[in-house]
Amino acid sequence: MTGLKDRKLTSEVNPAEQVSFAETAMRLGGKSEEESKRTGAVDSADDQVEALFAAQYKTSNSPIHKAVWDAKTPIELFATPKFDEKSLDIPEVRRSIEVVKRHDQAKTLYDEKGKISEEVIHDLGTAGYWGLFIPKRYGGQGLSVRAFMNFLGRVAALNPMVAALNSVHSCIGAVDPLCAFGNEEQKNKYLPKLASGEMISAFGLTEPNAGSDLTALRTTAVLDKDEYVLNGEKLFITNAVLGRTVCVVCIIDGKPACLVVEFPKQESENFQLITYGLYAVKRAYNLGFRFTNFRVPKENLLVPSSGDGLTIAYHGLNRGRLALCAASSAGMKSMLANMVPWSRFRETYGNAIIKRELVKRRIAKTAGLIAGAEALYNWGSWLLDQGYRGELECIIAKIFGSEAQKEVAIEYFMKTHGGRSFMHGHLFGDNVHEFLAPCIYEGEGEVLGMAFFKSLAKDHGVRFFEPVGKALARNKMKTLNPVNPAHVWALRNELIPYSLWFAGKVLEPKGSPDLPQMNAALKDHIEWASKQLQGSPFELSLNMVKHQLKLTDRQCRIADMSERIQWMIIMLVTAMWAHAEGDEVIQASADVLCQTIRFKLSGKRPTDEYYRSLCKVADLIIEKGYPGVSTIEPDAVLFPYSKVPTA
Ligand SMILES: Cc1cc2nc3c(=O)[nH]c(=O)nc-3n(C[C@H](O)[C@H](O)[C@H](O)COP(=O)(O)OP(=O)(O)OC[C@H]3O[C@@H](n4cnc5c(N)ncnc54)[C@H](O)[C@@H]3O)c2cc1C
């Protein structure tokens, strides 16, 4: 599998059997046994994913972790190279695009229920679409993560749901789990069929009882001779159509596991689909299903070298989150492609609204958010291709992509189009749920933001705070009061390493990153963000000292710290990517995003100079176009009218 290279895998001892830091902290913090165990299960699953990666690719050595905890920003890990267009110059890519365009022009993309039709899915299979992310030796094209994500972005600009179906199939469906964790027999059996489109896959994780909380899964599989017997119910599964191949996460022997399940062609007493009305992903089937003593061959169980079914799910979700960000950037480009001609057309008080400052601000901010999303998915996929685990980096891409698309849709696109936004046939009105749903699927943003913080703080917590927590318990103390000499004396052995770390951090020389010759504004943003990041270890660590074992309950503080760090990282990534792209419009858009973030983080009021710069960037975009947007055909203006009033 591209991005997960065997040489980067380790066979280090599985830490699953140890009680995790989170579980220890929860228990010491007075949480119930059940909550402690459940949190511990998630934390252990995370440890097990970590165990799959060699040291330099683990979270504690990831670009974000280093940028936050090291003295100097490792700028080379943020220097996403320019995307090599040649990596997409293959017949399968061209043919796939051609299939989508052909069906779009012939208006044959959708079936009688308005979903992407089986004929389109078949034609895409013939073109090679479903195998682009599958290695060549199994009948696919073996695109790198970066090439695949860029390709999906382009398909999403033509038709978001066609792109989403391949993201489901290749990232979270059966393809990634089989490529990364399947044995040779499983790969040979399934991957060629998944590459040709004979099999299309989906991902069955969510249950009525378990969405954000994956420790609550209730679907079980019990081994009976040569087969697993499945019982349980799944909900919200995109592309869960009869005959599909679904990677089902279920509980086997008390632990999450992944089974490749071939759905039957017909419903039966053992297998039923569950239907409901759903506003989002309206161009695809999204269904629930119920297993009642449904039998699956035991060879279909995927067994990772470390961890369990959640390890497999997390691996695919990382790729899915990048794909979501790529699709969001395409969604925002489609909105920009419509915003400009409409704003040129619409006149109020004798002037086209495109000349107004408020509208220019919307155009500039939209472009800034597009630049941020493009930068993040390109950066994240570049890191996965190098072998990084990329958990933090993929979470940022997911949160930013979904939130940016929501902001553009509601704040800029809807407002600029006024009442017409709500008409049937308008891109906003017809797709408002599509623009919002990414904030929820593949992990709700704020819940992911907390996971981001926990991963970032985990190494520091294990090194310095776990020993303190254990010493508190040993000494029958509830909290540590750092100004109480008796407390300090009792915990002196545990506090010394922390004090040394703190003193070292205060004294260590801090410097700006070594930057290449670059646009002065972007350089200034990178230096500013790096400086802010240098303060993060103190903020994080002092909050851990302040809230101690209750920190997990301080969700709002965690969310706030997580978000601030995310913004700083977004500045670094966007400015470095824009530098490498070298395009004037992209660099100006990246500058808009970075300036906006700076005002947000510093709490200062925007200056007139900032507003002037937004107008200038909007003028540049209106004149030259944001790269890639001109290929998107804008919709016709609804209710056009003559510009010359009739007498
Ligand atoms: C359009 C669509 C497509 C989907 N496709 C798939 C698919 O293909 N396969 C699949 O397996 N799933 C799919 N899902 C499910 C999706 O991943 C879940 O909806 C999502 O993970 C959130 O789970 P939930 O809906 O159960 O939210 P819940 O778990 O009910 O949570 C609701 C909200 O409560 C809050 N919350 C939850 N826990 C906490 C906490 N500990 N602290 C603070 N706040 C908390 C969060 O804001 C959260 O959003 C899809 C969903 C949608 C809407």
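Source: prediction; values computed, not measured.

Conventions we followed
Residues numbered from 1 in each chain as written. Predicted model: local features only at pLDDT ≥ 70, side-chain atom pairs only at ≥ 80, totals over all residues. Heavy atoms only, no water. Helix = DSSP H or I, 4+ residues; strand = E, 2+ residues; numbered from the N terminus. Rg over C-alpha atoms; globule rule 2.2 N^0.38 Å. Buried < 20%, exposed > 50% of the residue type's maximum accessible area, 1.4 Å probe, protein only. Contact = heavy atoms within 4.5 Å. Phe/Tyr/Trp six-rings, centres within 6.5 Å; stacked < 30°, edge-to-face > 60°. Lys NZ or Arg CZ within 6 Å of the ring centre and 35° of its normal. Expected span 1.5 Å × (residues − 1). Bend = angle between axes of the 7 residues up to and from the residue. Core = buried A, V, L, I, M, F, W, Y, C linked by side-chain atoms within 4.5 Å. Salt bridge = Lys/Arg side-chain N within 4 Å of Asp/Glu carboxyl O. Near = heavy atom within 4 Å. Polar contact = N/O pair within 3.5 Å; in protein donor to acceptor, adjacent residues only side chain to side chain. Areas by Shrake-Rupley, 256 points an atom, 1.4 Å probe, with all protein chains shown as cover. Nonpolar A, V, L, I, M, F, W, Y, C, P; charged D, E, K, R; others polar. Pairing = 2+ DSSP bridges. pLDDT = per-residue confidence, 0-100.

Topic: the overall build of the protein chain
For the protein chain, the helix and strand inventory stands at 20 helices and 10 strands. For 647 residues, the compact-globule estimate of 2.2 N^0.38 gives 26 Å, and the protein chain sits close to it at 26 Å. Its C-alpha atoms put the protein chain at 90 × 70 × 40 Å along the principal axes. Buried residues in the protein chain amount to 57% of all 647 residues.

Some points on helix 1 (residues 21–28)
Here helix 1 lies mainly inside the structure; six of its eight residues are buried. For helix 1, the set of buried residues is F21, A22, E23, T24, A25 and M26. Structurally, helix 1 contributes buried residues whose contacts are with helix 2 (33–50) and helix 14 (445–474). Phi turns positive one or two residues past the end of helix 1, at G30, with a value near 90°.

Overview of the packing of aromatic side chains
Applying the stated rule across the entire model yields 28 aromatic pairs. Seen in terms of ring centroids, Y129 and W130 are 4.8 Å apart; in terms of plane orientation they differ by 70°. Their pairing is edge-to-face. Judged by its relative accessible area of 1%, W130 falls in the buried class. An aromatic cluster is built from W69, F464, F465, Y498, W501, F502 and F538, whose rings are joined through pairwise contacts. The cationic tip of K115 hangs over the ring face of Y285; the distance from NZ or CZ to the ring centre is 5.5 Å. Over the face of the ring belonging to W489 we find R492, whose NZ or CZ atom lies 3.9 Å from the ring centre.

Things to note about helix 9 (residues 184–196)
Look at helix 9: 18 Å from first C-alpha to last across 13 residues, which is about the 18 Å you get at 1.5 Å a residue. For helix 9, the principal kink sits at Y190 and spans about 30°; a proline, P192, occurs within the next four residues. Looking only at helix 9, the buried set comprises Q186, K187, Y190, L191, L194 and A195. Check the buried side of helix 9 and you find it contacts helix 7 (160–172), helix 8 (175–181), strand 1 (201–204), strand 4 (245–252), strand 5 (255–262) and strand 8 (301–302). Of the residues flanking the end of helix 9, it is G197, one or two places downstream, whose phi is positive at about 90°.

Focus on the nonpolar core
Nonpolar side chains in soluble globular proteins generally cluster together in the buried interior. Judged by nonpolar contacts, the single largest core of 203 residues is most densely connected at F78, L259, I363, I569 and Y626. Broken down by element, this core gets its largest block of residues, 18 residues, from helix 10 (residues 309–345). Not counting residues within four places of it along the chain, the set of residues in contact with I569 comprises I64, A67, F78, W379, I396 and L533. In this structure, L472, M477, L480 and L495 belong to the second largest nonpolar core, which totals seven residues.

Focus: the pattern of salt bridges
Pairing between side chains of opposite charge can happen when their charged atoms approach one another. Throughout the structure, instances matching the rule amount to 34 salt bridges. With a closest N to O distance of 3.4 Å, E184 and R137 form a salt bridge. Separated by 47 residues along the polypeptide, E184 in helix 9 and R137 in the loop between helix 5 (118–127) and helix 6 (145–158) bring together distant segments of the chain. D560 is paired through a salt bridge with R557; the nearest N and O atoms lie 2.9 Å apart. Here the residue D560 and the residue R557 both occupy positions in helix 18 (residues 555–581), the gap between them amounting to three residues, near one helical turn. Residues participating in the shared-partner salt-bridge network are D43, D46, D47, E50, R389 and K458.

Side note on the site of the ligand
Around the ligand lies a shell of 18 residues, among which F203, L205, T206, S212 and F236 are the nearest. In this structure, a nitrogen atom belonging to the ligand sits 2.8 Å away from a main-chain N or O atom of F203. Within the side chain of E444, an N or O atom sits 3.1 Å from an oxygen atom of the ligand. Summarising the interface, the protein chains cover 65% of the accessible area of the ligand, which totals 970 Å² for the free molecule. Listing elements by their share of the shell around the ligand, those giving two or more residues are strand 3 (227–238) and helix 14. A total of three residues in the shell around the ligand trace back to one element, the largest contributor, which is strand 3. Its residues assigned to classes, the shell around the ligand comprises 10 nonpolar, six polar and two charged.

Overview of the environment of P497
Take P497: it is sitting in helix 16 (residues 492–507). Each C-alpha atom of the pair P497 and R463 lies 8.8 Å from the other, and the pair is 34 residues apart in sequence.

Some remarks on the side chain of H547
Structurally, the position occupied by H547 is in helix 17 (residues 520–547). With sequence-adjacent residues up to four places away left out, H547 is seen in contact with R554 and R557.

Things to note about the pairing of strand 5
Extensive coverage of strand 5 is indicated by the burial of six of its eight residues. Pairing of strand 4 with strand 5 involves eight bridges; the strand directions are antiparallel. Directly across from V246, in strand 5, lies its bridge partner V261. If you look at the hairpin formed by strand 4 and strand 5, you'll find two residues sitting between the two strands, and D253 has a positive phi there, around 50°. In the sheet, strand 5 pairs with strand 8 via two bridges, with the strands oriented antiparallel. Within the sheet, the bridge partner assigned to C258 lies in strand 8 and is L302.

Observations concerning the confidence of the model for the protein chain
Averaged over the protein chain, the pLDDT score is 93; the fraction of residues at 70 or greater is 97%. In the predicted structure, residues 1–17 sits below a pLDDT of 50 and forms 45 contacts with residues beyond four places in sequence or in another chain.

Thoughts on the environment of F133
By the secondary structure assignment, F133 is in the loop between helix 5 and helix 6. It is 6.4 Å that separates the C-alpha atoms of F133 and S170, two residues lying 37 residues apart in sequence.

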